[in-house]
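Structure at a glance
Each chain is listed here by its residues.
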Amino acid sequence: MLEEGNLPLFVKPIIRYPRRAQVGKTYLMTIYLQTSEDTEWQYEDEEYPIYCMVDASPLFICKPVGEPCVVLHRFGGSYAEAKFLLTAALQEAKGDIQVTLVNGWGVAIRVFKLDTHIEYDIQKSNQLVQTPEITTLYEQINALNNLDFYNIITSNTQALETLAKVITDSQGRFSLCFVVCNYSILRQQTLRRLELELGNDYQIHKVTLKSNAISLYSTIHASIGNSQPSALMILGLEFVEELDDILRMINHIRDEFRKSYPFPILFWVNDELLRKLGRFAPDFTSWAATPIRFEMTTEELQDFLKTKTNSLFAKILGINGVPEGEHPHTTLGQVWDYNSYEFRTSIKELQHRGIELEPELDASVKFIAGLDYYASNRIDLAIEYFQESLQFWSSPHPPVPPSTFVLRQGILLFYLGLSYYRLAERIHVEHQERWQEAKSYLQQCLDVFETARRPDLMAQIIGLLCDVLQHLKLWDELQQLALKSQNLHHDYDSNFQIACDSGFLAQVAVAKENWVIANKQARVALLRLYEASERKDSHPNS
């Protein structure tokens, strides 16, 4: 019987395992941790790993498939599942499987037991009922027969053994190794597994380069001094701004590495960086053996995309205001802290494996693609992907949870309005079509957020819509909207945005030749700008 207990963040374990098993057969056991969306995140990092330990003896021989770790994410969900292969004993028996959840410091969070029963032939048992758990179990066992899955798991296991051997066999002498891993979450998992594999006998020193690094050799020297670790790992090279120059310098002074560092140096790289190394540092890379490669399974890639896209949507929807002195849409733009390379690579890998994304994930991925094109100023392509994504979020869906799809629809409408706004700025003011498109999408977005009762999001975009109405010279509409905007921004105590609202009202008064009101509103705008500069508030609602 599963006991949930008091897990962190109100985590609910969802475990699939063979409640009734046949003698000698092998089964798949999976452990997934579901978190409550209403629970406040209690940790400093955005990710929290929980390790799963299974004691199935003497009923089963238990072997983990990959790292038995589930990583919880701050914005909901978790990375993949912990998987174990359970091979039943050769005689009938009854008993328990004990599962222990452990945090990153090795402290047990919860221990619970699962009832199970091993029989000679479960197909002939009168008590056998094809429950959803058993049916799902058989489906997952069949999925395990997929050669691609086995190949990746086997390849990663062998790669880890090779990586450990490179370190242990190269003590006291220089050696060079490139470790190819396209995903930060997989790299973190692999590093944890490597530390367990090597134990405490080997000291691994990690050097993570900053984006403004200008010399790898100097960075290493500043980090390790005269010490001689068992191995040195170089991380973050792909994020260096002047990457090409650093690689050329590495190639130029390659002999200094061999003279100064009598221990193995391992570079963690992605495929793109590996190609650049071959191009800009060919002599240096020629010293390395065949790169060691780690990959994600298809299921892990899909879970990665789901978690990252859900996290990005959550960040956008969780923003409660705009910094003083900034345009109302700039904060939304600041949520582009996802790694677009990892997104693109994961999508390409799934396509290469012939995997078709489920509709919701496909719509989320198209939104990310639109953001990528928008950020690179390819607005027409961004609009195309935003519209394709919007088609999914606008179609009827079951209300679970009620507002998720509606809010994502609002996000897509906002970015479409913002894209047409940018296009309109590029053309002559007399051409009104782009401004009309921007007005239409932003008005729909405002209506959606109002229906969803998200005044914080309304406060962010309403000023942009006012700006569009000003360009269209729709003075009556602008007056009504600016007054509504003023009320919203008063609620969030945003001096800068209130100043903008007063500025819009002054423009309306000028257009209507009402000079007294124009003068009054202009003075209010100047006063609010002064107050905003004096207070230096970071957020309107602070």
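Relevant structure appears above.
About the thresholds
- Residues numbered from 1 in each chain as written.
- Predicted model: local features only at pLDDT ≥ 70, side-chain atom pairs only at ≥ 80, totals over all residues.
- Heavy atoms only, no water.
- Core = buried A, V, L, I, M, F, W, Y, C linked by side-chain atoms within 4.5 Å.
- Buried < 20%, exposed > 50% of the residue type's maximum accessible area, 1.4 Å probe, protein only.
- Helix = DSSP H or I, 4+ residues; strand = E, 2+ residues; numbered from the N terminus.
- Contact = heavy atoms within 4.5 Å.
- Axes fitted to C-alpha atoms, helices over the stretch in contact; angles between N-to-C directions.
- Parallel < 35°, antiparallel > 145°, perpendicular 65-115°, else oblique.
- Left-handed = near helix turned anticlockwise from the far one by under 90°.
- Nonpolar A, V, L, I, M, F, W, Y, C, P; charged D, E, K, R; others polar.
- Pairing = 2+ DSSP bridges.
- Phe/Tyr/Trp six-rings, centres within 6.5 Å; stacked < 30°, edge-to-face > 60°.
- 1 Å grid on protein atoms, 1.4 Å probe; cavity = no way out; pocket = protein on both sides within 12 Å on 5 of 7 lines; lining within 4 Å.
- Points joined across faces, edges and corners; volume = space filled by probe spheres on them.
- Right-handed = clockwise from strand over helix to strand, strands pointing away.

The next point concerns the nonpolar core. Grouped burial of nonpolar side chains is what soluble globular proteins tend to show. Residues Trp268, Phe294, Leu305, Phe367, Phe386 and Tyr415 are the most contacted members of the largest nonpolar core, which totals 89 residues. Looking at which element gives the most residues to this core, the answer is helix H14 (residues 404–426), with 13 residues. Excluding anything up to four places from it in sequence, tryptophan 268 contacts Leu163, Val179, Cys181, Arg187, Thr190, Leu191, Met233, Ile234, Leu235, Glu238, Leu273 and Phe294. Counting 30 residues, the second-largest nonpolar core is a separate cluster that includes Phe178, Ile224, Leu232 and Ile265.

Running from N to C, helix H5 (residues 243–252) and helix H7 (residues 271–280) point in directions that differ by 50°, and their axes come no closer than 9 Å. Our classification of the angle between H5 and H7 gives oblique. For H5 against H7, the interelement crossing comes out right-handed. Contact residues: Leu243, Asp244, Leu247, Arg248 and Asn251 in H5; Leu273, Lys276, Leu277 and Phe280 in H7. A breakdown of the residues in the contact of H5 with H7 according to their chemical character gives five nonpolar, one polar and three charged.

Attention now goes to the sheet that holds strand E8 (residues 82–88). What the four strands build is an open sheet, ordered E1-E3-E8-E5; its pairing is antiparallel. Two strands in the sheet have a free side with no partner beyond their single neighbour: strand E1 (12–16) and strand E5 (60–65). On average, adjacent strands in this sheet sit at an angle of 25° to one another, irrespective of strand direction. Here strand E3 (residues 26–34) runs beside E8; their pairing, made up of six bridges, is antiparallel. The residue bridging methionine 29 from the neighbouring strand is phenylalanine 84, located in E8.

Tallied over the full model, the rule gives 25 aromatic pairs. With a centroid separation of 6.2 Å and 25° between ring planes, the pair formed by tryptophan 268 and phenylalanine 294 is classed as stacked. In this pair, tryptophan 268 is assigned in strand E14 (residues 264–269) and phenylalanine 294 in the loop between strand E15 (292–293) and helix H9 (298–317), connecting sequence segments 26 residues apart. The two residues tryptophan 268 and phenylalanine 294 agree in class, both being buried. Ring plane angle 45° and centroid distance 5.7 Å describe the contact between phenylalanine 392 and phenylalanine 405, whose orientation is recorded as tilted. Within this pair, whereas phenylalanine 392 is found in helix H13 (residues 379–394), its partner phenylalanine 405 is found in helix H14, the two being separated by 13 residues in sequence. Judged by relative accessible area, phenylalanine 392 falls into the buried class, the value being 17%.

Examined against the element boundaries, lysine 439 turns out to sit in helix H15 (residues 433–451). For lysine 439, a relative accessible area of 19% gives the class buried. Excluding residues that lie within four positions of it along the chain, lysine 439 makes contacts with Leu465, Val468, Leu469, Leu472, Leu474 and Glu477.

A few words on empty space enclosed by the protein. One pass over the structure, following the stated rule, counts five cavities of 30 Å³ or more. Within this model, the largest cavity holds a volume of roughly 320 Å³. Considering the residues around the largest cavity, the lining is formed by 24 residues, among which Gly66, Glu67, Leu186, Gln189 and Glu300 are closest to the centre. Residue assignment for the lining of the largest cavity shows that the elements contributing at least two residues are helix H2 (147–169), helix H3 (184–198) and H9. At five residues, the largest contribution of residues to the lining of the largest cavity is made by H3.

Across the five residues that make up strand E13 (residues 231–235), a large majority, five, are buried. Going residue by residue along E13, you find Ala231, Met233 and Leu235 tucked away on one face and Leu232 and Ile234 tucked away on the opposite face as well. Note that strand E12 (residues 204–208) and E13 share five bridges and pair parallel. Across the sheet, the residue bridging to histidine 205 is leucine 232, located in E13. In this fold, E12 hands off to helix H4 (residues 216–224), which returns the chain to E13; that crossover is right-handed. As judged from the three bridges shared by E13 and E14, these two strands associate in the parallel manner. Counterpart to leucine 232 in the pairing with E14 is isoleucine 265.

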